[in-house]
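Below, each chain spelled out in residue letters.
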Amino acid sequence: MLEIGSLVDGKYKVLNKVGQGGMSVVYLAMNEKANKQWAIKEVRKDGIKDFEVVKQGLVVETDMLKRLSHPSLPSIIDVIEDESTFLIVMDYIQGNPLSKALEEFGAQPQENVIEWAKQMCDVLGYLHTRTPAIIYRDMKPANIMLKPDGNVTLIDFGTAREFKEKNLADTTCLGTVGYAAPEQFGGMGQTDARTDIYCLGATLYHLVTGMNPCEPPYDIRPIREINPMLSGGLERIILKCTQRNPEDRYQSCAELMYALEHYEEIDDVYRKKQKKKLGAFIASIAAAVLCGAVSGWGYLSAENKKSENYDVILKRAETPEDFYEAILTDPVRTEAYLSLNELLTDDFVLSREEGQILQQLQVGLDAKNSQGFSDSVDVLAKLRQNNPGGYQDICYRFGESFMFYYDVNTDYDRYSNAAKWFREAVGEYQVAQAYCDIAECLELINQYNGAKIKQTEKMYEEYEKLWGMIGELKTTAETTDSVDSRLQIWNEINRMINSRVTQFLEVTAMQDVISVLEEISQRSGELEESVIQEDVRKLQNEIAETIKKLESAQQ
Amino acid sequence: MNFIVSASTDIGTTKKTNQDSLSVKVIRTRLGRMVLAVLCDGMGGLSEGEVASAAVIEAFHGWAVEKLPLLCEKPYLQDAAISEQWGEMVTEQNRRIKSYGAKKGVRLGTTVVAMLLTQSRYYILNVGDSRVYELTEGIRQLTADQTFVAREVALGNMTEEEARMDERRNVLLQCVGASDEVYPDMFYGDVRENAVYMLCSDGFRHEITPGEIYDSLKPLELFDEQMMKWHSEKLIERNKQRGERDNISVALVRTF
């Protein structure tokens with residue numbers, strides 16, 4: 001240990017102890033003759049197992065370092081050695097290490113970090129291009145001194161190489177080995193310039209994000225995930241520096257320097273700027289296109305807004321009026337139609353009033369136009385035009401509602417109302433066509449039946465057709481995938497026969513009718529879905545009743 | 001539930017100092033008997049490692065004397081209270097050891113694995129690569145190593161086999177006294193009856209397999225403190241015979 005106030009080598013007066021590292025103590029000393037301050041680094045003997053060997057290394061090392069001259073390196077001007085101590089006299093660097101700035105202020109401003117990075121890259125490049133190349137191996141904020149003038153200097157550069165090798169026989173802590181590059185654990189042979197590039201990348205990451213890559217989560221993430229304001233260009237540079245595989249990093253400091261000097265150009269913002277310039281160049285040609293694009297954009301954003309509104313209205317909708325509002329907001333989307341239909345039929349009954357709510361859609365909905373006048377909007381026409389598939393779906397669903405839930409006395413009413421919707425859905429739904437045919441038939445029968453002069457013969461012709469259609473309906477049921485729809489059709493067949501027993505017996509043999517019913521009964525029994533077992537039993541009972549009715553009518 | 005405890009440590013074959021520190025204590029509390037076991041594997045220049053490991057052990061003792069009785073005044077121990085107090089304590093120790101190191105110009109640090117066993121629950125705090133195992137019908141590791149290679153294995157960059165051979169196998173992700181911040185892992189669970197809980201430094205487990213540990217230290221083998229000591233020392237000897245150079249420490253808690 002040097003004593004404060006003592007004179008070293010007859011020239012340097014030790015003023016103060018200014019720093020302490022693992023193996024060395026640094027003193028501030030004054031050359032009183034030249035009135036100049038120097039730093040003296042004393043390599044501690046007590047921290048080193050085999051001091052003699054280390055000293056030999058130090059001599060070689062410092063001899064080489066004495067020949068170095070770079071603005072970001074402290075120059076070594078003298079080496080004083082005897083049996084007990086080893087002193088290195090070098091430039092005294094004022095300022096604080098960047099690790100202190102990190103501790104006090106956290107992440108550093110990006111512009112500063114890039115400026116420092118360039119200086120560090122420059123000095124590393126200088127070291128790497130010596131013969132033989134010098135690899136620094138220990139780049140970290142604690143080893144970068146920030147001088148009062150804002151420039152940085154690489155310090156702790158004078159201790160022997162041996163110390164820099166990570167001693168891995170003993171347990172060590174990631175924090176103490178610094179930002180060691182993956183290959184750095186393998187010994188001296190495998191480290192090269194790219195090792196320093198890795199460590200510089202990790203240093204920049206720590207400086208610009210304030211996050212130590214040696215602490216959880218122990219990795220180097222894209223810096224904009226931590227601070228979105230940072231440059232995308234710098235993000236790319238840091239990620240490239242810190243690739244696990246040295247081959248994937250910048251291969252030399254010159255490459256890295258080029259990237260640092262042009263970091264804005266690999267920035268997304270810069271790229272956008274460049275594109276803008278290009279845009280200005282072709283502006284005259286693009287003007288017309290632009291106008292179109294603007295209106296298109298306006299249209300699209302209006303559409304977007306519409307869709308947002310639609311969702312909000314639909315979410316809150318409770319009454320049929322609410323659903324109308326949603327439909328008016330966007331008649332082309334089907335959700336509101338379907339929800340309205342569900343609302344009206346959730347009790348399995350579609351009352352006359354409820355039926356009218358659906359039928360209103362065919363007439364048109366009232367809406368205020370832009371002048372504030374009431375206007376009738378044919379929403380279904382818009383739906384059909386812009387969403388033909390959706391239109392058919394809606395019509396089929398509404399048809400079903402009338403067909404199966406409409407609360408009226410006569411089949412004829414049900415069918416004629418349902419057919420108004422089914423007719424629009426025949427393209428997509430086979431069964432819709434069958435229902436429409438039956439509706440037509442029933443209409444004719446109704447006409448003949450209600451005519452002043454009964455046309456019994458013609459009527460029975462229609463019943464004969466109707467019987468044929470029931471057969472078709474049964475075939476359609478077989479091709480329907482949905483078990484529910486199939487059950488509905490079978491129920492419908494039974495219902496038709498049950499209410500027209502005598503008429504059908506006039507046009508066909510009882511055995512035919514019974515065999516149709518029995519087949520349905522049997523087929524329904526084959527359905528395996530447990531949830532509909534009750535419905536199946538109900539259908540089978542009703543069919544049994546119909547058969548009884550048939551038999552008694554025959555007699 | 002009752003506990004028998006033992007602790008054994010050995011300087012090993014090559015090192016000049018034993019930087020491991022360990023302590024196992026049965027504590028009487030208002031909530032019944034408890035065991036506090038702490039094991040620290042110190043590191044640092046020459047004699048400083050044991051300073052760090054001893055300091056952390058002391059801190060846990062202080063906690064057991066001062067803070068634990070207060071926690072026991074409630075009808076039951078709260079997991080969150082323990083993890084909070086232990087976390088603060090380790091952070092404080094990290095700060096102290098770091099400033100001690102800065103003052104002396106040395107780098108020192110320590111791993112710590114601390115375990116509190118109550119009548120029902122156990123609580124483990126871990127920083128570094130010391131481990132806790134539970135031996136019942138089989139052997140189960142209760143802690144996860146905070147090491148560079150363990151992390152690489154977890155990330156899928158390395159296989160278990162590669163990790164064992166890797167040069168970085170002794171690099172800890174963090175340790176008390178050398179990290180800027182420590183982020184301890186906490187583990188909780190229910191204490192099993194007729195089980196053995198084993199805390200060990202990395203020196204104890206490098207050369208012998210969990211299977212060997214289980215054969216010697218399974219609950220059936222350990223019926224009194226003497227047997228526990230005898231088996232521990234036998235395993236420590238086996239480690240040394242197989243070339244382990246590190247300090248070797250193991251602490252045992254047998255429940256019945």
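Residues numbered from 1 in each chain as written. Chains lettered and ligands numbered in written order. Predicted model: local features only at pLDDT ≥ 70, side-chain atom pairs only at ≥ 80, totals over all residues. Heavy atoms only, no water.

### Observations regarding the overall build of chain A
Here is step 1: Scanning chain A from N- to C-terminus turns up 22 helices and 12 strands.
Here is step 2: Considering only contacts in chain A between residues 6 or more positions apart, those separated by 24 or more positions represent 58%.
Here is step 3: For chain A, the computed accessible surface area is about 28500 Å², with 49% contributed by carbon and sulfur atoms. (Helix = DSSP H or I, 4+ residues; strand = E, 2+ residues; numbered from the N terminus. Contact = heavy atoms within 4.5 Å. Areas by Shrake-Rupley, 256 points an atom, 1.4 Å probe, with all protein chains shown as cover.)

### Some details on the overall build of chain B
Here is step 1: Secondary structure assignment for chain B yields 8 helices and 12 strands.
Here is step 2: Per-residue burial for chain B yields a buried fraction of 54% across its 256 residues.
Here is step 3: A separation of at least 24 residues holds for 71% of the contacts in chain B among residues at least 6 apart in sequence. (Buried < 20%, exposed > 50% of the residue type's maximum accessible area, 1.4 Å probe, protein only.)

### Concerning a positive patch on the surface
Here is step 1: Judged by side-chain charge, Lys272, Lys273, Lys275, Lys276 and Lys277 of chain A come together as a positively charged surface patch.
Here is step 2: The residue Lys272 of chain A is located in helix H9 (residues 268-281) in this model. (Patch = residues over 30% accessible without salt bridge, like charges linked within 9 Å, V, L, I, M, F, W, Y side chains within 5 Å. Salt bridge = Lys/Arg side-chain N within 4 Å of Asp/Glu carboxyl O. Lys, Arg positive; Asp, Glu negative; His and termini not counted. Charge placed at Lys NZ, Arg CZ, Asp CG, Glu CD.)

### Points about the packing of helix H12 (residues 335-345) of chain A against helix H13 (residues 352-363) of chain A
All names here are of chain A.
Here is step 1: Packing of H12 against H13 brings their axes to within 10 Å, and their N-to-C directions diverge by 165°. When the axes of H12 and H13 are compared, the pair comes out roughly antiparallel. As H12 packs across H13, the resulting crossing turns out to be left-handed. Contacts between H12 and H13 involve Tyr337, Leu340, Asn341 and Leu344 on the former and, on the latter, Glu354, Ile357, Leu358 and Leu361.
Here is step 2: Residue composition of the contact of H12 with H13, grouped by class: 6 nonpolar, 1 polar and 1 charged. (Axes fitted to C-alpha atoms, helices over the stretch in contact; angles between N-to-C directions. Parallel < 35°, antiparallel > 145°, perpendicular 65-115°, else oblique. Left-handed = near helix turned anticlockwise from the far one by under 90°. Nonpolar A, V, L, I, M, F, W, Y, C, P; charged D, E, K, R; others polar.)

### Some words on the sheet that holds strand S5 (residues 76-81) of chain A
All names here are of chain A.
Here is step 1: The sheet built from 6 strands is open, its strands ordered S1-S2-S3-S4-S6-S5 with antiparallel pairing. Strands with a single pairing partner mark the edges of an open sheet, and in this sheet they are strand S1 (7-8) and S5.
Here is step 2: The sheet contact formed by S5 and strand S6 (residues 86-91) spans 5 bridges and is antiparallel. Paired with Val79 across the bridge in S6 is Ile88. (Pairing = 2+ DSSP bridges.)

### Quick look at helix H16 (residues 411-422) of chain A
An α-helical turn contains 3.6 residues, so any two residues separated by three or four positions project in the same direction.
Residue and element names in this part refer to chain A.
Here is step 1: Along its 12 residues, H16 runs 15 Å from first to last C-alpha, staying within 8% of the 16 Å computed at 1.5 Å per residue.
Here is step 2: Residues Asp411, Arg414, Tyr415, Asn417, Ala418, Ala419, Trp421 and Phe422 constitute the buried set of H16.
Here is step 3: Along its buried surface, H16 packs onto H13, helix H14 (379-386), helix H15 (388-405), helix H17 (430-450) and helix H19 (483-499). (Expected span 1.5 Å × (residues − 1).)

### As for the side chain of Arg205 of chain B
Residue and element names in this part refer to chain B.
Here is step 1: Take Arg205: it is sitting in helix H6 (residues 202-205).
Here is step 2: Among the polar contacts listed, one links the side chain of Arg205 to the backbone oxygen of Asp129, at a separation of 2.8 Å.
Here is step 3: Other than its neighbours up to four places away in sequence, Arg205 contacts Asp129, Arg131, Tyr133, Asp145 and Cys200. (Polar contact = N/O pair within 3.5 Å; in protein donor to acceptor, adjacent residues only side chain to side chain.)

### Regarding helix H8 (residues 253-261) of chain A
Residues and elements named next belong to chain A.
Here is step 1: Where H8 is concerned, the buried positions are Cys253, Leu256, Met257, Ala259 and Leu260. Here the buried residues of H8 occupy an arc of 160° about the axis, which is enough to place them on one side. Exposed positions of H8 whose direction lies more than 90 degrees from the buried face are Ala254 and Tyr258. (Arc of directions from axis to C-beta.)

### A word on a negative patch on the surface
Residues and elements named next belong to chain A.
Here is step 1: There is a patch of like negative charges on the surface, built from Asp484, Glu528, Glu529, Glu534 and Asp535.
Here is step 2: Counting through the fold element by element, Glu529 comes out in the loop between helix H21 (510-526) and helix H22 (533-554).
Here is step 3: Taking the relative accessible area as the measure of exposure, Glu529 reaches 34% and is therefore partly exposed.

### Section: the packing of helix H10 (residues 283-316) of chain A against helix H11 (residues 320-329) of chain A
All names here are of chain A.
Here is step 1: Their axes nearest at 9 Å, the elements H10 and H11 cross at an angle of 165°. When the axes of H10 and H11 are compared, the pair comes out roughly antiparallel. Relative to H11, H10 is oriented so that their crossing is left-handed. Taking contact as the criterion, the partners of Lys306, Asn309, Tyr310, Ile313, Leu314 and Arg316 in H10 are, on H11, Asp322, Phe323, Glu325, Ala326 and Thr329.
Here is step 2: Among the residues forming the contact of H10 with H11, the class breakdown is 5 nonpolar, 2 polar and 4 charged.

### Notes on the packing of aromatic side chains
Here is step 1: What the rule picks out here adds up to 15 aromatic pairs over all chains.
Here is step 2: For the pair Phe402 of chain A and Tyr406 of chain A, a centre-to-centre distance of 4.9 Å together with 75° between the ring planes defines the contact as edge-to-face. By the burial criterion, Phe402 of chain A is buried, and Tyr406 of chain A matches it.
Here is step 3: Taking the centre distance of 5.9 Å and the plane angle of 50° together, the rings of Tyr122 of chain B and Tyr197 of chain B count as tilted. Residue Tyr122 of chain B is found in strand S6 (residues 121-127), and its partner Tyr197 of chain B is found in strand S11 (residues 196-200); the two are separated by 75 residues along the sequence. Summarising the burial analysis for this pair, Tyr122 of chain B and Tyr197 of chain B share the class buried.
Here is step 4: Of the aromatic side chains, those joined through ring pairs into one cluster are Tyr396, Phe404, Tyr415, Phe422, Tyr429 and Tyr435 of chain A.
Here is step 5: The residue whose ring lies beneath Lys36 of chain A is Trp38 of chain A, and the NZ or CZ to ring-centre distance is 4.5 Å.
Here is step 6: Just above the ring of Tyr126 of chain A sits the side chain of Arg130 of chain A; from NZ or CZ to the centre is 3.9 Å. (Phe/Tyr/Trp six-rings, centres within 6.5 Å; stacked < 30°, edge-to-face > 60°. Lys NZ or Arg CZ within 6 Å of the ring centre and 35° of its normal.)

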